[in-house]
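Residue-level structure breakdown
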Amino acid sequence: MKKSLVFCAMGALAMGTGLAQAATLDDVKARDVLNCGTNTGLAGFAAPNADGVWEGFDVAVCRAVAAAVLGDPTKVNFVPTTGATRFTALASGEIDMLSRVTTWTFQRDVELAFDFVGVNYYDGQGFIVPTSLGVTSAHELDGATVCIQTGTTTELNLADFFRANGISYEPVPIETNAEGQQQYLAGACDAYTTDASGLAATRATFEAPGDHIILPEIISKEPLGPVVRHGDNQWGDIVRWSFFALVAAEEYGITSANIEELSAGTDNPEINRILGTEGNLGEQLGLDAEWAKRAIAAEGNYGEIFAKYLGTDTPIGLDRGLNALWTQGGLQYAMPFR
Amino acid sequence: MSISTQPPKESFQIGQLLSDTRYRSITIQIIALILFALGFWWLVGNTIENLSRLGKTFSFSFLGQRSNYDINQRLISYDSTSTHGRAAVVGILNTLLVAAMGCVLATVIGVMAGVLRLSKNWIVARLMAVYIEGFRNVPLLLWILLIYAMVSESTPAPRAFGSGDASMLLWDSIAITNRGIYIPGPVFTPGAWLVLAAFIVGLGVAWQQWSASRKRQIATGTPPMSRWLAAGIVLGITGLVYLLQGGIVFTLLFLLQLAIVVAVFIYTRRALRPALKYVPSQTAASTAAALAGIVALLWALYIAPIIWAALTTPFGAPAFNPSIALDIPALGGFNFTGGFNVRASLVALWLALSLYTGAFIAEIVRSGIMAVPKGQSEAAAALGMPAGRSMTMVILPQAMRVIVPPMISQYLNLTKNSSLAIAVGYMDVRATLGGITINQTGRELEGMLLMGMFYLVLSLMIAGVGNWFNARVKLKER
């Protein structure tokens, strides 16, 4: 009897672990909260505001997915991850999705077995130095001490850049952006390197942003996007199309202001399909008809989110640049909703 | 008719496995073994299943792949084209370095603090109590972070040295910056082998003289030759060879200088003696020697160079190209170049580990000393032995038997605690193999297994050496 009890317990455990990753959608619904892995704090992308509520460009993606799946953009449990812990958190099922300035690379996609559902920010790696250093180009950084977040692609690009240019440097490994900022401002490193958007975001929080310049060299491609585990295609589709809905909404002029009006029905069948008044896209995803409407209503369309957290009117002050819509010469392109 | 006295042979029944004390313990052990095997089987099976679900295989081939990342502190040659395996070795060596440095300093701090806590001087004893209790009762991570913050925030950046806001110590040879301490490093030329050989010969001669004088002591009671003399023999032979490489003129001039300094020392000491005649003789001797040493040192630093210039200017200074020179750090570009850079992360980790473990060692030392019967120190005092000597020659050797075993586990703790290096960005094995490599290759399971193996082997080695030492010093019972 004792043994059979043990076997039962083990069977239950094995079943439990077996089911844990099979259907993320069911897990999220049952839990009624989305576990979203995000940054430990990077102004503009993901940081708690004065009231302790997480907000930012990456956070908005989490909220859009939560709104689409659970009907409420606030039903998100934010899990702060570092560059080093994020993939373990995702692979182990601690988080349902990762929205944390993560670069889409071959190895992460193929060997680490993750699925990148899209690119929400096209970025590149840059350097920031104090103006007083008198450096105007990354090629003048020979012998410099550079702060670098470990476990990132930027770490690898940095090694390649200095090696390819035949100049030397000394890396100072750090865990989080906050630590990097503190070390950089204390003068423990001459330069700090990360994605150019991250540098702009970090500089915006400095007391005297004008005393620091971001060097003109962009030494890599950093396509940043939300990530899910490989193998759960339904969940991957939900996250992917929730994000595409934000981009498509900007393209078709759906904004948080006119979304109610448009969801009554329009002449444009694609808008109707997105907002659920035509076709059964939501049903195909395993959600209801208004999933995309809720995702867009959560924080607005892609352009609205960009303007709210990163745009030129914010302290971070980033231009749309590559992240303009494809119709305006940029790279942001949502696949057709049909 | 005879009555059988043999008890009937009991037939074995299943129920006896639990009810009969003869079998019960075996039954319980077998059940425990089965449960353990099942648990292990489940764990392995679960791991294999989860890995296959994630589409991952189990392989150590990543160790041979190019690492692509740089490490700032490396004791062996390494760059971003080296393999992950080599990066792991770099990390292992860094772990060993900080562990070894930490064990040495923690021992020094611990023994001193432990002895001083028992001091009769109220202030000294209380200060040590504050240190020991403070470090023992606050988590190590906080100490590491605090000391790192102190090291990196309270010291100037290298730039400050260029603008004159900060200056180097000891004739511009040591720079304390927020990136670490830059100290002169040795530069060896082929001639350095000769100096090394002279050093070994010196050691041999000193050892031979020392053992001869010990024999003489046993035979006749003459005190053995002093340790200072032994050190002098080694230094003298090595130094002479080193100087002679610079030429005979240089050597003679240098020896002349040395002779003047020694003469200054001897004369000063002799001159000071009468002034100290009311002080007990032992104290007077050491005070006079210390004061004379200071005078001689000042002379060597400030007056000898003037004499040297006066002697060499008329004829031109003899060229001296030493076989072992010092590479003095100099500000070049962004950082100091040349010499050694003891990184701020290493300094912070080293100090924090040493101070923290030192507090525990101090308590071990204190308990060891208190375990030695009071009569031993009283007997030493009755023989007229000064307190310091009775501590080193009577108390501590006996206390060692109590001290050594718990010390071994403190060394183990320190070594394992060094993995907290992650907090200050010190590139130990946790940061290379267990950090960046795992992150860049996604081989968490393999990396963690390797790291666990490393710490296990290292711990067993430390324990082995410690136990060997313990077997040597413990009371031999016959």
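Residues numbered from 1 in each chain as written. Chains lettered and ligands numbered in written order. Predicted model: local features only at pLDDT ≥ 70, side-chain atom pairs only at ≥ 80, totals over all residues. Heavy atoms only, no water.

Per an unreviewed UniProt entry, chain B is named Glutamate/glutamine/aspartate/asparagine ABC transporter, permease protein, and its organism is Ketogulonicigenium vulgare. UniProt lists a comment for chain B under the heading Sequence similarities (unreviewed entry), and it reads "Belongs to the binding-protein-dependent transport system permease family. HisMQ subfamily." (UniProt positions renumbered as here; feature names shortened; annotations may be inferred.)

According to its UniProt record, chain A has this under Sequence similarities (unreviewed entry): "Belongs to the bacterial solute-binding protein 3 family."

1. As for the confidence of the model for chain A
Confidence in the prediction of chain A, expressed as mean pLDDT, is 88, and 93% of residues score 70 or more. Below pLDDT 50 for its whole length, residues 1-21 of chain A participates in 21 contacts with residues either more than four positions away or in separate chains. (pLDDT = per-residue confidence, 0-100. Contact = heavy atoms within 4.5 Å.)

2. Notes on the environment of B:Val187
All names here are of chain B. On the secondary structure map, Val 187 appears in strand β3 (residues 185-188). When its relative accessible area of 38% is taken as the criterion, Val 187 is described as partly exposed. Val 187 sits 137 residues away from Ile 324 along the chain, and the two C-alpha atoms are 5.7 Å apart. When near neighbours in sequence (up to four residues on either side) are disregarded, Val 187 contacts Ser 323, Ile 324, Ala 325 and Asp 327. (Helix = DSSP H or I, 4+ residues; strand = E, 2+ residues; numbered from the N terminus. Buried < 20%, exposed > 50% of the residue type's maximum accessible area, 1.4 Å probe, protein only.)

3. Description of the packing of aromatic side chains
All names here are of chain A. Taken as a whole, this structure holds 27 aromatic pairs over all chains when the rule is applied. A centroid spacing of 6.3 Å and a plane angle of 75° characterise the contact between Phe 243 and Tyr 302, whose relative ring orientation is edge-to-face. Here Phe 243, found in helix α9 (residues 233-251), pairs with Tyr 302, found in helix α14 (residues 302-309); they are 59 residues apart in sequence, far enough to count as distant. Take Phe 243 and Tyr 302: they sit in the same class, and that class is buried. Both rings, one in Tyr 302 and one in Phe 306, keep their centres 6.4 Å apart while their planes meet at 45°; by these two values the pair is tilted. Of this pair, Tyr 302 and Phe 306 are both found in helix α14, four residues apart, which corresponds to roughly one turn of the helix. Of the two residues examined, Tyr 302 and Phe 306, each falls in the buried class. In textbook terms, an aromatic cluster arises when at least three aromatic residues are bridged by ring pairs, as seen for Phe 45, Phe 57, Tyr 121, Trp 241, Phe 243, Phe 244, Tyr 302, Phe 306 and Phe 337. The positively charged end of Arg 320 is found above the aromatic ring belonging to Phe 306, 5.1 Å away from the centroid. (Phe/Tyr/Trp six-rings, centres within 6.5 Å; stacked < 30°, edge-to-face > 60°. Lys NZ or Arg CZ within 6 Å of the ring centre and 35° of its normal.)

4. Observations regarding the layout of surface pockets
Residue and element names in this part refer to chain B. In this structure, the largest pocket occupies an estimated 810 Å³ of space. Among the elements that line the lining of the largest pocket, the one with the most residues is strand β7 (residues 340-343), at four residues. Along the lines of polarity and charge, the residues of the lining of the largest pocket split into 14 nonpolar, twelve polar and six charged. Computed from the structure, the second largest pocket encloses a volume of approximately 630 Å³. Lining the second largest pocket are 17 residues; nearest its centre among them are Leu 118, Lys 120, Ile 369, Ser 377 and Met 391. Counting residues per element, the ones that place at least two in the lining of the second largest pocket are α3 (84-117), α11 (344-371), α12 (374-382) and α13 (387-417). Considering each element in turn, the lining of the second largest pocket owes the most residues, five residues, to α13. (1 Å grid on protein atoms, 1.4 Å probe; cavity = no way out; pocket = protein on both sides within 12 Å on 5 of 7 lines; lining within 4 Å. Points joined across faces, edges and corners; volume = space filled by probe spheres on them. Nonpolar A, V, L, I, M, F, W, Y, C, P; charged D, E, K, R; others polar.)

5. Quick notes on the nonpolar core
A:Phe57, A:Val69, A:Met97, A:Trp235, A:Ile296 and A:Leu310 are the most contacted members of the largest nonpolar core, which has 62 residues in total. Of the residues forming this core, the biggest block, eleven residues, is contributed by helix α3 (residues 57-70) of chain A. Those residues within four positions of A:Ile296 in sequence are excluded, and the remaining contacts are A:Ala245, A:Leu246, A:Ala249, A:Ile254, A:Ile259, A:Ile274, A:Leu275 and A:Asn301. In terms of nonpolar packing, the next biggest core, distinct from the first, is built from 40 residues, B:Met128, B:Leu349, B:Val365 and B:Ala399 among them. (Core = buried A, V, L, I, M, F, W, Y, C linked by side-chain atoms within 4.5 Å.)

6. Quick look at the sheet that holds strand β10 (residues 169-174) of chain A
Residues and elements named next belong to chain A. Here five strands make up an open sheet; going across it, the order is β10-β9-β11-β8-β12 and the pairing mixed. Looking at the sheet topology across the chains shown, the edges are occupied by β10 and β12 (212-214). For this sheet the average axis-to-axis angle between neighbouring strands, irrespective of direction, equals 30°. Here strand β9 (residues 144-149) runs beside β10; their pairing, made up of six bridges, is parallel. Looking at the pairing, Thr 145 lines up with Glu 170 of β10. Of the strands in this sheet, β8 (125-130), β11 (191-195) and β12 touch helix α8 (residues 196-204), which is tilted by about 125° from β11. (Pairing = 2+ DSSP bridges. Axes fitted to C-alpha atoms, helices over the stretch in contact; angles between N-to-C directions.)

7. Notes on the sheet that holds strand β1 (residues 175-177) of chain B
Residue and element names in this part refer to chain B. A sheet is described by the order of its strands in space; here three strands give the open sequence β1-β2-β7, paired in antiparallel fashion. Only two strands of the sheet have a single partner each, and these edge strands are β1 and β7. Sheet twist, expressed as the mean angle between neighbouring strand axes with direction ignored, is 15°. As judged from the four bridges shared by strand β2 (residues 180-183) and β7, these two strands associate in the antiparallel manner. The partner of Gly 180 across the bridge, within β7, is Arg 343. Here α11 sits on the sheet and contacts β2 and β7; the angle it forms with β7, its principal contact strand, is near 55°.

8. Considering the interface of chain A and chain B
Contacts between the two partners involve 50 residues from chain A and, on the opposite side, 41 residues from chain B. Approximately 3700 Å² of surface area, both sides summed, lies buried where chain A meets chain B, with 50% of it carried by carbon and sulfur atoms. In this assembly, chain A and chain B are joined by five salt bridges. Between A:Asp190 and B:Arg179 there is a salt bridge whose closest N-O contact spans 2.7 Å. Inspection of the region where chain A meets chain B yields 14 residue pairs in polar contact (both at pLDDT 80 or more). (Buried area = accessible area lost by both parts, 1.4 Å probe. Salt bridge = Lys/Arg side-chain N within 4 Å of Asp/Glu carboxyl O. Polar contact = N/O pair within 3.5 Å; in protein donor to acceptor, adjacent residues only side chain to side chain.)

9. Quick notes on the state of the cysteines
Residue and element names in this part refer to chain A. According to the stated counting rule, one finds two disulfides over all chains in the structure shown. Residue Cys 36 pairs covalently with Cys 62 via a disulfide, S to S 2.0 Å. The chirality of the disulfide connecting Cys 36 with Cys 62 is left-handed, given an S-S dihedral of about -60°. Of the two residues, Cys 36 sits in strand β1 (residues 34-39) while Cys 62 sits in helix α3, which places them 26 residues apart along the sequence. As far as burial versus exposure is concerned, Cys 36 and Cys 62 are alike and both buried. A disulfide bridge connects Cys 147 with Cys 189, and the sulfur atoms are separated by 2.0 Å. (Disulfide = S-S within 2.5 Å.)

10. Side note on the pattern of salt bridges
For the structure shown, the criterion picks out 21 salt bridges over all chains. Two residues, A:Glu111 and B:Arg443, come together in a salt bridge whose shortest N-O distance is 3.7 Å. In this pair, A:Glu111 sits in the loop between α5 (106-110) and β6 (114-116) while B:Arg443 sits in the loop between α14 (429-441) and α15 (444-473), so the two residues belong to two different chains. The exposure class of A:Glu111 is partly exposed, given its relative accessible area of 28%. Residue B:Arg443 is classed as buried on the basis of its relative accessible area, which comes to 12%. Note that A:Asp237 and A:Arg240 form a salt bridge whose closest N and O atoms lie 3.0 Å from each other. Taken together, the residues A:Asp237 and A:Arg240, both in helix α9 and three residues apart, mark about one turn of the helix. On the accessibility criterion, A:Asp237 (29% relative accessible area) is partly exposed. One salt-bridge network, held together by shared partners, links B:Arg117, B:Glu133, B:Arg136, B:Glu363 and B:Arg366.

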